Amino acid sequence: MKQNKILFLLILFVFIGCSKPGELFKEATCITNISTIDANNGLISNQTIILKDGKILKIAKSKDLKLSPENKIIDGTGKFLIPGLWDAHVHFAYIEEMAPSMFDLFLSYGVTSVRDTGGKIDFLKKWKNESTANPTTTPRVMIAGPLLDGMPNVYDGSSPARPPLSVGLATPEAALLEVEKLDSIGVDLLKAYEMLSPEQFFAIAKRAKEKGLPLTGHIPLSMDAITASNAGFSSIEHLRNVEMSTAKNADELLEQRKKMLALGKDGEGSVLRKSIHESQRREAVLNADEEKTKEVITAFAENKTWQIPTFMVMTSFVDKPFASKDWQETFKYLPPDIERKWRDGVATVLEMEVTEDRKIYKDWFFETVGKMNKANVGIMAGTDCPIFYLTPGYSLHHELIALVKAGLTPLEAIESATLSPARYFKMEKELGLISEGMFADLVILDANPLDDIQNTKKINTVIKQGNVLNRAALDEKMKQLDQ
Ligand SMILES: [Zn+2]
């Protein structure tokens, strides 16, 4: 019996040993001699990655794998492989005419997954379906549906700057009905907005938890940050209204807001929200309190309330990254009408003087994100494109640059755009790392992003579920956008 077993093992060994080199990886794509970089393992050099059927089949030291000339080989010598990037805050429905170009723009810049944080559900579902049906040629799309807002709602369709991205809900019951509807349509998360009452927010948070849907959004003006976080806020966009809870006089500010909300309840939502922000933001930032800040950040860390700072939309009024030629070059990839509008719009913003308030707020913003990161609050990279001249895909790289400026290491910045969003959606077994069995959503870079985060822009190849788009294919894609 024992002898038989040894004989069997011997035959097996000889069989494997004799198989032709590379045969195991027929019809696979092999990336050889590359340095891999991911959030768990940092940089590992001289790796060979075998991709098959849209997934990562095998990873090994290059010297340990024998490939044959029949293998489809991508020589990764001197190059760097990172997981496909996420933009965790986009809006397909913000400029509807732009949506058809957004898939190609995202992919061209290495963004293989996006999280849409608000818009008309029918419109979003259409793009999500399109993406689901074409997983190798479009980015993965996660959607929240409309902003769940109270009354009067902010994004009510009253002007081009306020497209109808939200639903105005009068009661907690109405909010729950909307949650049921969205869940049955198939949203991936929910988004709470600023005019919700605490009762509505609690009802939504409870139901979201029961359904296993992450609840993101802006802290309702009628609430404080810690209460919202404790109630089950999965994530907060733009640090919106956080400053109002980290001020020395936070309680007083909340009472004031409640009065303003009651007084303005019959007016327009956008007007009311603006008047509250204008009357409180500056004062709150000037009264920023070390102890209160610590309490809020601790609550976020303990409750795992992720932050999506969106530096690009929140601080660009001051930093004006779109002043660069490189940035404005990307406008040629937009539909002609939008290109014209953006060129005019940027010219106007560049002439505008930066107010003292905006500078103070920007400094507070960078500092607070840095503190959050130090305290292990989860951070995700998101831009808010295509709002505020943020070219889809391209702007994500500048979000990473801003995150590093705020104190994240380049590897942490990469994590915020790869593993973190995967974990947020409980997809960390499928996405976000360079690991066997995971989806082959990958980006090959010509330079090391750990040396300089700007190097994430040096894109050599983008791979979406195994579909390899090399530089020539990406250039061709972009040429088609530039009509
Ligand atoms: Zn947004």
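Before reading on, note that the structure itself is shown above.
A brief structural summary. (Residues numbered from 1 in each chain as written. Predicted model: local features only at pLDDT ≥ 70, side-chain atom pairs only at ≥ 80, totals over all residues. Heavy atoms only, no water.)

## Structural notes on the overall build of the chain
Scanning the chain from terminus to terminus reveals 19 helices and 17 strands. Against the 2.2 N^0.38 benchmark of 23 Å for 483 residues, the chain shows a C-alpha radius of gyration of 24 Å, consistent with a compact globule. When the backbone C-alpha atoms are referred to their principal axes, the chain occupies close to 85 × 55 × 40 Å. The buried share of the chain, reckoned over its 483 residues, is 57%. Long-range contacts, defined as pairs at least 24 residues apart, comprise 73% of the intrachain contacts of the chain with a sequence gap of at least 6. Roughly 20,800 Å² of accessible area belongs to the chain as shown, and the carbon and sulfur atoms make up 53% of that amount. (Helix = DSSP H or I, 4+ residues; strand = E, 2+ residues; numbered from the N terminus. Rg over C-alpha atoms; globule rule 2.2 N^0.38 Å. Buried < 20%, exposed > 50% of the residue type's maximum accessible area, 1.4 Å probe, protein only. Contact = heavy atoms within 4.5 Å. Areas by Shrake-Rupley, 256 points an atom, 1.4 Å probe, with all protein chains shown as cover.)

## Concerning the pattern of salt bridges
In the structure shown here, the tally under the stated rule is 30 salt bridges. A salt bridge links R115 to E237; its shortest N-O distance comes to 2.7 Å. Placement of R115 in strand 7 (residues 111-116) and of E237 in strand 13 (residues 235-237) is noted, with a sequence separation of 122 residues between them. In this pair, the class of R115 matches that of E237, namely buried. (Salt bridge = Lys/Arg side-chain N within 4 Å of Asp/Glu carboxyl O.)

## Section: helix 9 (residues 269-286)
With 18 residues, helix 9 ought to run about 26 Å at 1.5 Å a step, and its terminal C-alpha atoms sit 26 Å apart, in line with that. Of all the bends found along helix 9, the most pronounced is centred on Q280 and spans about 30°. For helix 9, the complete set of buried residues consists of G269, S270, L272, R273, I276, H277, Q280, R281, A284 and V285. In the core, the buried residues of helix 9 are packed alongside helix 7 (243-246), helix 8 (250-263) and helix 15 (356-374). (Expected span 1.5 Å × (residues − 1). Bend = angle between axes of the 7 residues up to and from the residue.)

## Notes on the coordination of the zinc ion
Each protein donor to the zinc ion is listed here as H89 (NE2), H91 (NE2) and D384 (OD); together their distances run 2.0 to 2.3 Å. When the donors of the zinc ion are listed by position in the chain, the intervening gaps give H-x1-H-x292-D. Each member of the pair, H89 as well as H91, is classed as buried. (Donors = N, O, S within 2.8 Å, 3.2 Å for Na, K, Ca; no water.)

## What about the environment of T137?
Tracing the sequence through the fold places T137 in the loop between helix 3 (121-133) and strand 8 (140-143). Along the chain, T137 and T112 lie 25 residues apart, while their C-alpha atoms are 9.5 Å from each other. In contact with T137, other than residues within four places in its own chain, are L107 and N467.

## Some points on the packing of aromatic side chains
Two descriptors summarise a pair of aromatic rings, namely the distance from one centre to the other and the angle between the planes of the rings. This model, assessed by the stated rule, comprises 23 aromatic pairs. An angle of 20° between the planes, with centres 5.7 Å apart, marks the rings of W86 and F425 as stacked. In this pair, W86 is assigned in strand 6 (residues 85-90) and F425 in the loop between helix 18 (419-424) and strand 15 (442-445), connecting sequence segments 339 residues apart. Each member of the pair W86 and F425 is classed as buried. A centroid spacing of 5.0 Å and a plane angle of 85° characterise the contact between Y424 and F425, whose relative ring orientation is edge-to-face. An aromatic cluster of at least three residues, connected via ring pairs, comprises Y109, F317, F322, W327, F331, W342, F388, Y389 and Y394. Above the plane of the ring of F439 lies K55, whose end atom (NZ or CZ) is 4.9 Å from the centre. Here the basic side chain of R281 rests over the ring of Y361, its NZ or CZ set 4.6 Å away from the ring centre. (Phe/Tyr/Trp six-rings, centres within 6.5 Å; stacked < 30°, edge-to-face > 60°. Lys NZ or Arg CZ within 6 Å of the ring centre and 35° of its normal.)

## Concerning the sheet that holds strand 8
The strand order 6-7-8 describes an open sheet built from 3 strands, whose pairing is parallel. Of all the strands in the sheet, just strand 6 and strand 8 have a single pairing partner and so form its edges. Strand after strand, the sheet turns through a mean of 15° between neighbouring axes, direction not considered. Packed onto the sheet, helix 3 meets strand 7 and strand 8 and runs at close to 155° relative to strand 8. (Pairing = 2+ DSSP bridges. Axes fitted to C-alpha atoms, helices over the stretch in contact; angles between N-to-C directions.)

## Points about the side chain of T293
Within the secondary structure, T293 sits in helix 10 (residues 290-303). In this view, T293 contacts T246 and K371; residues no more than four positions away in its chain are not counted.

## Focus: the packing of helix 9 against helix 15
Contact geometry for helix 9 and helix 15: axes closest at 10 Å, N-to-C directions at 55°. The angle between helix 9 and helix 15 places the two elements in the oblique class. Relative to helix 15, helix 9 is oriented so that their crossing is left-handed. Residues R281, R282, V285 and L286 of helix 9 form the contact with helix 15, whose own contacting residues are D357, I360, Y361 and W364. (Parallel < 35°, antiparallel > 145°, perpendicular 65-115°, else oblique. Left-handed = near helix turned anticlockwise from the far one by under 90°.)

## A word on the sheet that holds strand 9 (residues 147-149)
Here 4 strands make up an open sheet; going across it, the order is 10-9-11-12 and the pairing parallel. Edge strands, defined here as strands with exactly one partner in the open sheet, are strand 10 (166-168) and strand 12 (215-217). Within this sheet the neighbouring strands show an average axis-to-axis angle of 35°, counted without direction. Bridge count between strand 9 and strand 11 (residues 190-192): 2 bridges; the pairing is parallel. When the sheet's bridge partners are listed, L147 is paired in strand 11 with K191. Running over the sheet, helix 4 (residues 172-185) touches strand 9, strand 10 and strand 11 and is turned about 170° from strand 9. Its contacts with the sheet put helix 5 (residues 198-211) on strand 9, strand 11 and strand 12, and the angle it makes with strand 12 is roughly 140°.

## Things to note about the nonpolar core
Most often, soluble globular proteins have nonpolar side chains that are buried together. The biggest cluster of nonpolar side chains holds 110 residues, and the ones touching the most others in it are F92, L190, F201, L215, V242, F311 and L403. If we ignore the near neighbours within four places in the chain, the residues touching F92 are A99, M102, F103, F106, V114, D116, F123, L124 and V141. (Core = buried A, V, L, I, M, F, W, Y, C linked by side-chain atoms within 4.5 Å.)

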